[in-house]
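Inside the fold
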Amino acid sequence: MTNKSITLTDSLYDYITRVSLREPPLLQRLRAETARDPLAIMQIAPEQGQFMALLVQLMGAKKALEIGVFTGYSSLCVAMALPPGGKLVACDVSDEWTQIARRYWQEAGVAHKIELHLAPARDTLDRLLHNGEAGTFDFAFIDADKTGYDDYYERTLQLMRPGGLIMFDNMLRNGDVADPSVHDEGTVAIRALNEKLLHDERITLSLLPVADGITLALKRSDA
Ligand code: CA
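Residues numbered from 1 in each chain as written. Predicted model: local features only at pLDDT ≥ 70, side-chain atom pairs only at ≥ 80, totals over all residues. Heavy atoms only, no water.

**Overview of the overall build of the protein**
The condition is simple: Put simply, DSSP marks the helices as runs of H or I at least four residues long and the strands as runs of E at least two long, and each gets a number from the N terminus on. Atoms considered for the radius of gyration are the C-alpha atoms alone. The globule rule reads 2.2 Å times the number of residues to the power 0.38. Note on classification: 1.4 Å probe, protein chains only; a residue is buried when its accessible area is under 20% of the maximum for its type, exposed when over 50%, partly exposed between these limits. All accessible-area figures derive from a Shrake-Rupley calculation using a 1.4 Å probe, and residue coverage is judged against the displayed protein chains alone. When charges are counted, Lys and Arg contribute as positive and Asp and Glu as negative, whereas His and the chain ends are disregarded. One atom stands in for each charge, and that atom is NZ of Lys, CZ of Arg, CG of Asp or CD of Glu.
Looking only at helices and strands, the protein has eight helices and seven strands in total. Relative to the compact-globule value of 17 Å for 223 residues, the protein shows a C-alpha radius of gyration of 17 Å, a close match. In terms of its C-alpha atoms, the protein occupies a principal-axis envelope of roughly 50 × 40 × 30 Å. Residues counted as buried form 47% of the 223 residues belonging to the protein. Here the protein displays about 11,300 Å² of accessible surface, and carbon together with sulfur accounts for 55% of that area. Here the protein contributes 23 positively and 31 negatively charged side chains, and the mean placements of these two sets differ by 6 Å.

Put into structure tokens, the structure is as follows:
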């Protein structure tokens, strides 16, 4: 089978960002600040954040969910794209990283749209379900511990409205998913989830080779 996706050389990537990336100065600063952290690799690509904002606007999303905040780049992209009165429920376990996020949410004037839950995401999602919020979310982004993705997915799918969209990050694991010699537990978990999603009749599916691979799962109305 022929590879139909274009190979991204460094120069082509530079070109794409030059002609399409509209990163506000605040997001540029957050990215620069995060880049000084050894875990900076956990930050999403700026063009991915811009794409998420586009999806949120496209859907007219009002209520969003994020699992895995880190220093807040993606949450900022989503919160800025939400309408006035929109809400983002953000889940993370790190007080330290989300302090950076909270500082930028304040500065961007979107802190009032974001409800941060510093607790294991499974507990937060269970609480949302318990509180009767099933079927009420428009958009969700899952970008946390890879072995937890399947649990997060099952709970998040219940929380989505029909036609709601779930985005998963790192679904290509820097190419490791297609390398049979790689067996770390994160890669094994993502491979299993990719196979599960392929056959999951509750969703409409697309896996895009953007950044480290993003999967879009649209909840079907009969799910
Ligand atoms: Ca990620």
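And the narrative resumes.
**Digging into the coordination of the calcium ion**
Heads up, the condition is: Each metal's donors are the N, O and S atoms within 2.8 Å of it, or within 3.2 Å when it is Na, K or Ca, and because water is not part of the set, sites may look incomplete.
The coordination sphere of the calcium ion, as far as protein atoms go, consists of Asp143 (OD), Asp143 (OD), Asp169 (OD) and Asn170 (OD1), spread over 2.2 to 2.9 Å. Spacing between the donor residues of the calcium ion along their common chain follows D-x25-D-N. For the pair Asp169 and Asn170, one class covers both residues: buried.

**Some remarks on the environment of Lys113**
The cut-off we apply is this: Only heavy atoms matter for contacts: two residues are in contact if any of them lie within 4.5 Å across the pair.
Counting through the fold element by element, Lys113 comes out in the loop between helix 5 (95-108) and strand 3 (114-118). As a C-alpha pair, Lys113 and Asp37 span 76 residues in sequence and 26 Å in three-dimensional space. For Lys113, the contacting residues outside a window of four places in its chain are Ala79, Met80, Leu82, Pro83, Pro84, Gly86, Lys87 and Leu88.

**Section: the nonpolar core**
What counts is decided by this rule: Buried residues of nine kinds, namely Ala, Val, Leu, Ile, Met, Phe, Trp, Tyr and Cys, make up a nonpolar core once their side-chain atoms join them within 4.5 Å.
By size, the foremost hydrophobic cluster in this structure holds 33 residues, and its most contacted members are Leu76, Val78, Trp105, Phe139 and Met167. Contributing elements (two or more residues each) for this core: helix 2 (25-35), helix 3 (46-59), helix 4 (73-81), strand 2 (87-92), helix 5, strand 4 (137-142), strand 5 (160-168) and strand 7 (214-219). For this core, the element with the highest residue contribution is helix 4, accounting for six residues. Apart from the residues lying within four places of it in its own chain, the contact partners of Val78 are Met52, Val56, Ala64, Leu88 and Phe139.

**Here we look at the pairing of strand 2**
For clarity, the threshold we go by: Paired strands, as defined in this entry, are two strands with at least two bridges between them according to DSSP. Seen with its strands pointing away from the viewer, a crossover is right-handed when the path leading from the first strand over the helix to the second is clockwise.
Counting buried residues along strand 2, five of its six residues qualify, which places the element largely inside the surrounding structure. Relative to strand 2, strand 1 (residues 63-67) runs parallel, the two sharing five bridges. Opposite Ile67, over in strand 2, you have Cys91 as the bridge partner. Viewed along the sheet, the connection from strand 1 through helix 4 into strand 2 turns out right-handed. Both strand 2 and strand 3 contribute to a ladder of five bridges, which runs parallel. Each residue of the ladder has a partner; that of Cys91, found in strand 3, is His117. Following the backbone out of strand 2, through helix 5 and into the adjacent parallel strand 3, one traces a crossover that is right-handed.

**Topic: a nonpolar patch on the surface**
Note the threshold: Patch construction takes residues with relative accessible area above 30% that form no salt bridge. Like charges are linked within 9 Å, and nonpolar side chains (Val, Leu, Ile, Met, Phe, Trp, Tyr) are linked within 5 Å. For salt bridges, the criterion is a side-chain nitrogen of Lys or Arg within 4 Å of an Asp or Glu carboxyl oxygen.
Side chains of Ile6, Leu8, Tyr15, Ile16 and Val19 sit close together on the surface and give an oily, nonpolar patch of about 480 Å² of accessible area. Within the secondary structure, Ile6 sits in the segment before helix 1 (10-20). Look at Ile6 and you get exposed, because its relative accessible area is 66%.

**Regarding the packing of aromatic side chains**
Worth spelling out the cut-off: For this analysis, a ring pair means two rings from Phe, Tyr or Trp (six-membered ring only for Trp) whose centres lie within 6.5 Å, classed as stacked if their planes differ by under 30 degrees, edge-to-face if by over 60, and tilted for the remaining angles. In this scheme, Lys NZ or Arg CZ marks a charge over a ring once it lies within 6 Å of the ring centre and within 35 degrees of the ring normal.
In the structure shown here, the tally under the stated rule is three aromatic pairs. Ring geometry for Tyr149 and Phe168: centres 6.1 Å apart, planes at 35 degrees, overall tilted. Here Tyr149, found in helix 7 (residues 149-159), pairs with Phe168, found in strand 5; they are 19 residues apart in sequence, far enough to count as distant. By relative accessible area, which is 0% here, Phe168 ends up buried. Taking NZ or CZ as reference, Lys63 lies 4.4 Å from the ring centre of Phe137, over its face.

**Thoughts on the sheet that holds strand 7**
In plain terms, the rule: Interaxial angle, 0 to 180 degrees, is taken between N-to-C directions of lines fitted to C-alpha atoms, where a helix line uses only the stretch in contact.
Reading across the sheet, the seven strands line up as 3-2-1-4-5-7-6 and stay open at both edges, with mixed pairing between neighbours. Each having just a single partner strand, strand 3 and strand 6 (203-208) make up the two edges of the open sheet. For this sheet, the mean inter-axis angle between neighbouring strands, taken without regard to orientation, is 15 degrees. Of the strand pairs in this sheet, strand 5 and strand 7 are connected by four bridges, and their pairing is antiparallel. Paired with Leu165 across the bridge in strand 7 is Leu218. Across the sheet, helix 4 is in contact with strand 1, strand 2, strand 3 and strand 4; its angle to strand 1 comes to roughly 175 degrees. Its contacts with the sheet place helix 8 (residues 185-198) against strand 5, strand 6 and strand 7, and it is angled at close to 135 degrees to strand 6.

The quantities given are spatial measurements derived from coordinates; they are silent on function.
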